Amino acid sequence: MDEKNSSRMTSLGPQTAAGGWISFAADPAQKERCLARLREAELGPDNQPSDCAAGGKYHFSNELGMPETLAVVIDVLCWLRQSEGKISARAQAIGLIEAIPVGVDLGTASQRYAHWLLHDKQWGIAQYCAAEPLKGLAARLKTLHDKELAGQAIDDSEWPALEPDTPVDTGVADDEDGRHLENLLASFSTPLHRIDVEQMGRLCGAAAYFAGEQARPGFWSDSEQRQMDDLYGAFCESTEQALGPRPSPQQVAELQDWMRHEQALDAVWEKQMRQQHLQLWRRWDAWGEKQAALYAAFNGSAVDLILSLFKLAPRRDVFASGPQLH
């Protein structure tokens, strides 16, 4: 998209006069252009699926006609599903974009998805707030978020906040996880429509993380984790002694060579550790299988939800042709 069209899109925007969004500016050809870009692109950490579909960074809202927060949802789902080993990020991204109807308002889709990440009984992070005052805060937030999605007015003064220096018992065994949970709840004591791109990314990552930790106590203990950390720490020290410090990312050839040697050492080390610590490794494998199953279940539920939000999105009446997108 050239500068002229880009500025034109910024001024006109893919929204109706009433403030609603219109996916693909109600133009089937625009959807095909987005899909064509995605099919031809090389995905990677610096080339996210949403950017590929939009033809570049910061064009998602204008090119696809939906909030930037939904771009975060699509990107995270693509990489999470790829981790299952059953579908590539590309195939997942194409499937999600293909599922978006042309000419619908997806303005609240990411808000409803955020509500699910926060408050779902099976996967929502609020369920881990087992002790006061976080338990009460989570319940209050759900009530307010429910009202918001129902279209009821909420005064800013109604949003709860923890008093400074309030002693907090999160009820979470791991102290670091507890602090993470506390910070999350505090940062999301806000209307869903005010959640920005950065916050959506944090929320998506946190929900996936906690989903994968659900069954840990029954499979893998803190003492076992410390044993594994100690073993791996010793391996890292010996690797640096053998290979020297890890080269910087700017030293491309040196870094690739260093990583190739590290992988070879890692394979030998793991084989030895599996023989020397047989029971520990069996426990580790069992926990890994359970965690993978949890991630797969979470990912499946997340994809089912976003697809249902696409399908149920209200269709906008467009009385004049929208801006020409390229």
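Look up a bit, the structure's there.
First, a word on scope: everything that follows refers to the structure included in this document. Every chain's residues receive numbers from 1 upward, in the order its sequence appears when written. In keeping with the model being predicted, local features are shown solely for residues with a pLDDT of at least 70 and side-chain atom pairs are shown and tallied solely at 80 or more, while totals for entire chains, interfaces and linings include all residues. Hydrogens and water are ignored here; the side-chain numbers use all heavy atoms of the structure.

1. Points about the overall build of the protein
When its secondary structure is counted, the protein shows 14 helices and zero strands. Counted from the first residue to the last, the protein has its helices and strands arranged as α-α-α-α-α-α-α-α-α-α-α-α-α-α. Buried positions account for 44% of the 326 residues belonging to the protein. By sequence separation, contacts in the protein at least 24 residues apart represent 71% of the contacts at least 6 residues apart. Carbon and sulfur atoms make up 51% of the accessible area of the protein, which amounts to about 17,400 Å² in all. The numbering of helices and of strands both runs from the N terminus, where a helix is a DSSP run of H or I of at least 4 residues and a strand a run of E of at least 2. Each residue is assigned to one of three classes by its accessible area relative to the maximum for its type, calculated with a 1.4 Å probe on protein chains only: buried under 20%, partly exposed between the two thresholds, exposed over 50%. Any pair of residues with heavy atoms lying within 4.5 Å of one another is described as a contacting pair. Per-residue accessibility takes into account occlusion by the displayed protein chains alone, with areas from the Shrake-Rupley method and a 1.4 Å probe.

2. Here's the deal with the packing of aromatic side chains
For Phe, Tyr and Trp, rings pair up if their centres lie within 6.5 Å, where Trp contributes its six-membered ring, and each pair is then called stacked (planes under 30 degrees apart), edge-to-face (over 60) or tilted (otherwise). In this structure the tally under the stated criterion is eleven aromatic pairs. Ring geometry for F219 against W287: centres 6.2 Å apart, planes inclined by 35°, an arrangement best described as tilted. Of the two residues, F219 sits in helix α11 (residues 216–219) while W287 sits in helix α14 (residues 278–312), which places them 68 residues apart along the sequence. Classification of W287 as buried rests on a relative accessible area of 2%. Among the aromatic residues, ring-to-ring pairing joins Y113, W116, W123 and F298 into one connected group.

3. As for the nonpolar core
Soluble, globular proteins show a tendency: their nonpolar side chains are buried together. Y113 and I125 are the most contacted members of the largest nonpolar core, which has 67 residues in total. Top element by residues in this core is helix α10 (residues 197–212). It accounts for eight residues. Once residues lying within four places of it in the same chain are set aside, the contact partners of Y113 are V73, L77, C204, A302, L305, I306 and L309. One finds A215, F235, L280 and W287 within the second-largest nonpolar core, a separate group that totals eleven residues. Residues belong to one nonpolar core when they are buried, are Ala, Val, Leu, Ile, Met, Phe, Trp, Tyr or Cys, and are joined through side-chain atoms within 4.5 Å.

4. Description of the side chain of T239
Of note, T239 is situated in helix α12 (residues 222–243). Given the relative accessible area of 2%, T239 is considered buried. Apart from residues no more than four positions distant in its own chain, T239 is found in contact with G244, W258, E262 and L265.

5. Focus: helix α6 (residues 89–98)
When we look at burial in α6, the residues that qualify are A89, Q92, A93, I94, L96 and I97. Those residues of α6 that are buried are in contact with α2 (28–40), α3 (49–54), α4 (60–64), α5 (68–82) and α14.

6. Observations concerning the pattern of salt bridges
Salt-bridge detection follows one rule: a side-chain nitrogen of Lys or Arg within 4 Å of a carboxyl oxygen of Asp or Glu. Evaluation of the coordinates by the stated rule reveals 13 salt bridges. In this structure, the salt-bridge partner of D27 is R33, at a minimum N-O distance of 3.5 Å. Note on R33: relative accessible area 28%, which makes it partly exposed. Where K57 meets D51, a salt bridge forms, and the shortest distance between an N and an O atom there is 3.3 Å. Here the salt bridges do not stand alone but share partners, grouping R140, K147 and E158 into one network.

7. Remarks on the packing of α5 against helix α7 (residues 109–119)
In this description, a line fitted to the C-alpha atoms serves as the axis of each element, helices being fitted only across the stretch in contact, and the angle between N-to-C directions of two axes falls anywhere from 0 to 180 degrees. Between α5 and α7, the shortest axis-to-axis distance is 8 Å and the interhelical angle comes to 55°. What the angle tells us is that α5 and α7 run oblique. The way α5 lies across α7 gives a crossing that is left-handed. On α7, the residues that touch T69, L70, V73 and L77 of α5 are A109, S110 and Y113. Gly counts as polar in this scheme, as do all residues outside two lists: the nonpolar Ala, Val, Leu, Ile, Met, Phe, Trp, Tyr, Cys and Pro, and the charged Asp, Glu, Lys and Arg. Counted by class, the contact of α5 with α7 contains five nonpolar, two polar and no charged residues. Any angle between 65 and 115 degrees counts as roughly perpendicular, while under 35 counts as roughly parallel, over 145 as roughly antiparallel, and the rest as oblique. By definition, any crossing whose near helix is turned counterclockwise from its far helix by less than a right angle is left-handed, and any crossing with a clockwise turn is right-handed.

8. Looking at the environment of A25
Tracing the backbone shows A25 in the loop between α1 (3–12) and α2. Its relative accessible area of 13% is what places A25 among the buried residues. Separated by 38 residues in sequence, A25 and E63 have C-alpha atoms that sit 8.1 Å apart.

9. Quick word on unusual backbone geometry
Negative phi characterises most residues that are not glycine, and trans characterises most peptide bonds. Omega for the bond connecting E132 with P133 falls within 30 degrees of zero, at 5°, which places this linkage in the cis form. Summarising the element assignment, P133 is placed in the loop between α7 and α8 (134–149). A positive phi angle is found at Y58, which is not glycine, with a value near 70°.

10. Quick notes on the packing of α12 against α14
Across the interface, α12 lies against α14 with an axial gap of 11 Å and an inter-helix angle of 110°. When the axes of α12 and α14 are compared, the pair comes out roughly perpendicular. Here E224, Q225, Q227, M228 and L231 of α12 come into contact with α14, specifically with L280, W281, R283 and W284. Across the contact of α12 with α14, the residue classes break down as five nonpolar, two polar and two charged.

11. Brief notes about the environment of L312
For L312, the position within the fold is in helix α14. As for L312 and V104, which are separated by 208 residues in sequence, their C-alpha atoms are 9.1 Å apart.

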